[in-house]
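Residue strings, one per chain:
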Amino acid sequence: MDEVRELADKALKVIPERVSHYAPLIGVMYGRITIRNQRSKWGSCSGKGNLNFNCILMLTPPEVIDSVVAHELCHRKEMNHSERFYAEVLRVFPEYWKWDKWLKDAGTMLMNIMP
């Protein structure tokens, strides 16, 4: 459990900085940022603009973290996965598909190694 706590502590330092970097580029505001150890999601965005991120992201390359942050922040404009949504994601993070594939390929293994 100590490893999860260490990842969560690191995420609390890294992720809010990345969120504050991307939010103005996307042109959105956001609410609370929460870090969790989740089994199936890397991030989520509530209708009120609260953002949740998986602490296991700290085991991934920085570009993966940025791809998830940009994805969730773009939900502040489009609460769906439409063409318009992905156009916005790609506008602020052009390499999104490359890192999304990395996460799909390695993500399940990363989630399974955590308690």
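Residues numbered from 1 in each chain as written. Predicted model: local features only at pLDDT ≥ 70, side-chain atom pairs only at ≥ 80, totals over all residues. Heavy atoms only, no water.

Student: Sorry if this is basic, but what is going on with the sheet that holds strand β1 (residues 33–36) here?
Tutor: Backbone hydrogen bonds hold the strands of a sheet together, and the pairing may be parallel or antiparallel. Spatial strand order, β1-β3-β2: 3 strands in an open sheet with mixed pairing. The open sheet is flanked by β1 and β2 (43–45), the only strands paired with a single partner. Strand-to-strand twist in this sheet, taken as the mean axis angle between neighbours without regard to direction, amounts to 15 degrees. Pairing analysis gives 4 bridges linking β1 to strand β3 (residues 51–54), with the strands arranged parallel. Considered in β3, the bridge of R36 is made with N54. Along the sheet, helix α1 (residues 2–26) makes contact with β1 and β3, crossing β1 at roughly 145 degrees. The sheet strands contacting helix α2 (residues 62–74) are β2 and β3, and the helix crosses β3 at an angle near 155 degrees. (Pairing = 2+ DSSP bridges. Helix = DSSP H or I, 4+ residues; strand = E, 2+ residues; numbered from the N terminus. Axes fitted to C-alpha atoms, helices over the stretch in contact; angles between N-to-C directions. Contact = heavy atoms within 4.5 Å.)

Student: Which parts of the structure should I look at to understand the side chain of Q38?
Tutor: Structurally, the position occupied by Q38 is in the loop between β1 and β2. Discounting chain neighbours no more than four positions away, the residues touching Q38 are F53, N54, I56 and M111.

Student: Looking at this model, I keep getting lost on helix α3 (residues 83–92). Mind explaining?
Tutor: The periodicity of an α-helix, 3.6 residues per turn, causes residues three or four positions apart to be oriented the same way. Three or more residues of α3 are buried, namely F85, Y86, E88, V89 and V92. Axial view of α3: buried residues confined to an arc of 155 degrees, hence all on one face. Turned more than 90 degrees away from the buried face of α3 sit E83 and R84, all of them exposed. Buried residues in α3 make contact with α1, α2 and α4 (96–113). (Buried < 20%, exposed > 50% of the residue type's maximum accessible area, 1.4 Å probe, protein only. Arc of directions from axis to C-beta.)

Student: Sorry if this is basic, but what is going on with a nonpolar patch on the surface here?
Tutor: A surface patch of nonpolar side chains, about 290 Å² in accessible area, is lined by L59, M109 and I113. Among the secondary structure elements, I113 is positioned in helix α4. (Patch = residues over 30% accessible without salt bridge, like charges linked within 9 Å, V, L, I, M, F, W, Y side chains within 5 Å. Areas by Shrake-Rupley, 256 points an atom, 1.4 Å probe, with all protein chains shown as cover. Salt bridge = Lys/Arg side-chain N within 4 Å of Asp/Glu carboxyl O.)

Student: Honestly, the packing of aromatic side chains in this entry has me stumped. Any pointers?
Tutor: By convention here, two paired aromatic rings are described through the distance between centres and the angle between planes. For the structure shown, the criterion picks out 5 aromatic pairs. The interplanar angle of 70 degrees and the centroid separation of 6.3 Å between the aromatic rings of Y22 and F93 together place this pair among those described as edge-to-face. Taken together, the positions of Y22 in helix α1 and F93 in the loop between α3 and α4 put the pair 71 residues apart, joining distant regions of the chain. No difference in accessibility class separates Y22 from F93, as the two residues are buried. Both rings, one in Y86 and one in Y96, keep their centres 6.0 Å apart while their planes meet at 45 degrees; by these two values the pair is tilted. In this pair, Y86 is assigned in helix α3 and Y96 in helix α4, connecting sequence segments 10 residues apart. These aromatic residues form a ring-pair network of at least three members: F85, Y86, Y96 and W97. (Phe/Tyr/Trp six-rings, centres within 6.5 Å; stacked < 30°, edge-to-face > 60°.)

Student: Can you walk me through the side chain of D66 in this structure?
Tutor: In this structure, D66 sits in helix α2. Among the polar contacts listed, one links the side chain of D66 to the side chain of R18, at a separation of 2.8 Å. Excluding its chain neighbours within four sequence positions, the residues that come into contact with D66 are R18, Y22 and F93. (Polar contact = N/O pair within 3.5 Å; in protein donor to acceptor, adjacent residues only side chain to side chain.)

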